[in-house]
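# Observations on the three-dimensional arrangement
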Amino acid sequence: MKREHRIFHVIRNFLFSSVNREFLVFLFFLALSGIFWLLMTLNESYEKEIKLPVQIVNVPQNVVLTSDSIDTIKVTLNDKGLMIMNYLYGERLKPLKINFKTYTRGNGSGSVSSAELQRLAYQQLSASTKIVSSKPDKLEFFYNYGLRKRVPVKWTGRVTPEHPYFISDVEYSPDSVDVFTSQERLDSINVVYTEPLNYANFHDTLSVRCYLHKQKGVKHVPDNIGVTFHTDVLTEARIANIPIKGINMPEGKVLRTFPAKITVRFVTGVNRYRKLSANDFSVVVDYNEIAKHPSDKCTLILRDAPEEISRVSLEMKQVDYLIEED
């Protein structure tokens, strides 16, 4: 107890010494002037843009809103600084409630003018507050009665792995979404695209979560998907012993070529190449072409090849042949 009493005396003597007494007086008048400055500042008029939440209410159960969710409007207010501070940090403004039945046009859309939005906003503002401007100029909403269509999704943008890797496969989760809009729009929508994706200089599998590209009056469920880009190393490859077959052959005739088998060259990924075989390719000779253009050699046609390969070419374009009776 005596120790605490002694500490108190030391602090008191320090604070109220002649030097520190002057410093305390200085701090007092500094704080007082700061308060006066703050009061004068808050008493001046200011303009400040704030966000007002918006809700569409009384929507019938059989109606699906298909427009982008407009959850706020921006209004620029003019009032004393104290009132502006209250709007920003004090009591939060309540959402503007847009009555669906009041503003629907009955044709799958509805609209609320800027003047009407300001009228609704004034209902909860102070009498001294003036609205200088508001954004957007009008609020539009779209709806239907449950019309939907399931469509696939595709990515857009620029996704480039580092050399020598390339994108070997793309997976979507989910790979399709439900689209809600008017019947006319549904008939014209066959695919939904993501927002542009931009990634570069990667070599491992890349997985991203992205939103779908927004369209006016169109709702996507879900509105975001997962996209996975699988990579592989690009390689030049070849597969030999692909049999050459004749097509459109007359009955009783057989085509023999020399050689009877051919090699195909192409570019693909290492992992994909390991899964390929000669059965994945089809090389043919068309008898109708031989009949039209008789020659010592016949032209080879690559009829079938896997989609995952590129720059496909045959080792030879023409070969010797013989047509025999069966």
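For the structure itself, look to the data block above.
Residues numbered from 1 in each chain as written. Predicted model: local features only at pLDDT ≥ 70, side-chain atom pairs only at ≥ 80, totals over all residues. Heavy atoms only, no water.

Structurally, Lys-253 can be placed in strand β17 (residues 253-258). By relative accessible area, Lys-253 is classed as partly exposed at 29%. Setting aside residues up to four positions removed in sequence, Lys-253 forms contacts with Tyr-287, Ile-323, Glu-324, Glu-325 and Asp-326. Here Glu-325 takes part through its side chain, which lies 2.9 Å from a polar atom of the side chain of Lys-253. (Helix = DSSP H or I, 4+ residues; strand = E, 2+ residues; numbered from the N terminus. Buried < 20%, exposed > 50% of the residue type's maximum accessible area, 1.4 Å probe, protein only. Contact = heavy atoms within 4.5 Å. Polar contact = N/O pair within 3.5 Å; in protein donor to acceptor, adjacent residues only side chain to side chain.)

This next bit is on the nonpolar core. With 23 residues, the main nonpolar core has Leu-52, Ile-73, Leu-77, Tyr-87, Leu-96, Ile-98 and Leu-139 as its most contacted residues. Secondary structure elements with two or more residues in this core: β1 (45-57), β3 (72-80), α3 (81-89), β4 (96-99), α4 (100-103), α5 (114-122) and β7 (138-144). Filtering out sequence-adjacent residues up to four positions away, Ile-73 remains in contact with Ile-50, Lys-51, Leu-52, Val-54, Leu-96, Leu-117, Lys-135, Pro-136 and Leu-139. Counting residues in each nonpolar core, the second largest holds 20 residues, with Val-264, Val-283, Cys-298 and Leu-314 among its members. (Core = buried A, V, L, I, M, F, W, Y, C linked by side-chain atoms within 4.5 Å.)

A few words now on the sheet that holds strand β6 (residues 130-135). Ordered in space as β4-β1-β3-β6, the 4 strands form an open sheet in which the pairing is mixed. The two strands at the open ends of the sheet, each matched to only one other strand, are β4 and β6. Shown here is a sheet whose adjacent strand axes are inclined to one another by a mean of 30 degrees, direction ignored. Pairing analysis gives 4 bridges linking β1 to β4, with the strands arranged parallel. (Pairing = 2+ DSSP bridges. Axes fitted to C-alpha atoms, helices over the stretch in contact; angles between N-to-C directions.)

Moving on: the sheet that holds strand β8 (residues 148-154). Strands sit in the order β12-β8-β11-β15 across an open sheet of 4 strands; the sheet is mixed. On the outer flanks of this sheet lie β12 (192-193) and β15 (219-221), each paired with one strand and no other. Bridge analysis of strand β11 (residues 176-180) against β15 gives 3 bridges, and the strand direction is antiparallel. Across the sheet, the residue bridging to Asp-178 is Val-221, located in β15.

Glancing now at unusual backbone geometry. Phi is mostly negative for residues that are not glycine, and the peptide bonds are mostly trans. Omega for the bond connecting Ser-173 with Pro-174 falls within 30 degrees of zero, at -5 degrees, which places this linkage in the cis form. With a phi close to 60 degrees, Asn-241 is a non-glycine residue in the positive phi region. One can find Asn-241 in strand β16 (residues 224-247).

Next up on the list: the pattern of salt bridges. Tallied over the entire structure, the rule returns 12 salt bridges. Between Glu-325 and Lys-253 there is a salt bridge, with its nearest N and O atoms 2.9 Å apart. Taken together, the residues Glu-325 in strand β23 (residues 318-325) and Lys-253 in strand β17 connect sequence positions 72 residues apart. With a closest N to O distance of 2.4 Å, Arg-256 and Glu-324 form a salt bridge. (Salt bridge = Lys/Arg side-chain N within 4 Å of Asp/Glu carboxyl O.)

Our next topic: the environment of Val-208. Summarising the element assignment, Val-208 is placed in strand β14 (residues 206-211). The class for Val-208 is buried, based on a relative accessible area of 10%. Remark: the alpha-carbon pair of Val-208 and Gly-226, spanning 18 residues in sequence, is separated by 5.8 Å. Dropping the residues within four chain positions of it, Val-208 is found in contact with Leu-197, Tyr-199, Ile-225, Gly-226, Val-227 and Phe-229.

Moving on to α3. Since there are 3.6 residues in each turn of an α-helix, residues three or four apart along the chain are aligned in direction. Residues Gly-81, Ile-84 and Tyr-87 constitute the buried set of α3. What you see down the axis of α3 is that its buried residues fit within an arc of 120 degrees, all on one side. Opposite the buried face of α3, at more than 90 degrees from it, the exposed residues are Leu-82 and Tyr-89. (Arc of directions from axis to C-beta.)

The next subject is the environment of Asn-288. Note that Asn-288 resides in helix α8 (residues 287-292). The exposure class assigned to Asn-288 is partly exposed, which follows from its relative accessible area of 35%. Each C-alpha atom of the pair Asn-288 and Met-249 lies 8.0 Å from the other, and the pair is 39 residues apart in sequence.

Following the sequence through the fold, Asp-178 ends up in strand β11. Under the relative-accessibility criterion, Asp-178 is labelled buried at 15%. Within the structure, the side chain of Asp-178 is placed 3.4 Å from the side chain of Arg-150, a separation counted as a polar contact.

On to the pairing of strand β5 (residues 109-113), then. Regular strands place side chains that alternate from one sheet face to the opposite one. Where burial is concerned, most of β5 is hidden: 4 out of the 5 residues are buried. One ladder, built from 5 bridges, connects β5 with β7; its direction is antiparallel. Paired with Val-112 across the bridge in β7 is Leu-139.

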